[in-house]
Amino acid sequence: MGFFRRSSGSSSSSDSTTVYQAEVDMKTASGESVTYRGSGLGPANASGAHLLDTVEAAAHDAEPGGTVTGSRVRRAR
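Here is a short report on the structure shown in this document. (Residues numbered from 1 in each chain as written. Predicted model: local features only at pLDDT ≥ 70, side-chain atom pairs only at ≥ 80, totals over all residues. Heavy atoms only, no water.)

### Side note on the side chain of Thr-35
The topology assignment puts Thr-35 in strand β3 (residues 33–43). The buried category is assigned to Thr-35, whose relative accessible area is 9%. Looking at Thr-35, its side chain comes within polar contact range of the side chain of Asp-25, at 2.8 Å. (Helix = DSSP H or I, 4+ residues; strand = E, 2+ residues; numbered from the N terminus. Buried < 20%, exposed > 50% of the residue type's maximum accessible area, 1.4 Å probe, protein only. Polar contact = N/O pair within 3.5 Å; in protein donor to acceptor, adjacent residues only side chain to side chain.)

### Considering the environment of Thr-17
You can see Thr-17 is positioned in strand β2 (residues 17–27). Residue classification places Thr-17 among the partly exposed positions, given a relative accessible area of 24%. In sequence terms Thr-17 and Pro-43 are 26 residues apart; their C-alpha atoms lie 4.5 Å from each other. Dropping the residues within four chain positions of it, Thr-17 is found in contact with Leu-41, Gly-42, Pro-43 and Ala-44. (Contact = heavy atoms within 4.5 Å.)

### Quick look at the pairing of β2
Where β2 meets β3, 11 bridges bridge the pair, whose relative direction is antiparallel. The residue of β3 that forms the bridge with Glu-23 is Arg-37. The antiparallel pairing of β2 with β3 creates a hairpin that spans five residues between the two strands, and Gly-31 there sits at a positive phi of about 100°. Summarising the sheet, β2 and strand β4 (residues 67–75) pair through eight bridges and their orientation is antiparallel. Residue pairing across strands places Val-24 opposite Ser-71, the latter belonging to β4. (Pairing = 2+ DSSP bridges.)

Next comes the structure, spelled out in C-alpha cells:
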C-alpha cells in the first residue's frame, strides 16, 4: 500500500495541496497492536475529519478485520 508503512511497537506545499503526515494505531484481527505511519499529498483545505476518515480507511484496507484504536494527521513541516 502506498500511503502507509507498517511498524510494530521535508515537506512542500502549493496553493492547492499540502503534505500531511499520519499515524493510525490498530489492533489486528489476531490481536497484535500495530501502527501505520505515512505521508502523502492532499488538498490544502481538507477538513480534519475528512483526512482522518481517509487514513483510517487506508489502514482498514491494509488490515482487514482490524480495529482502529487511535489516529492522528498533521501538516508536515
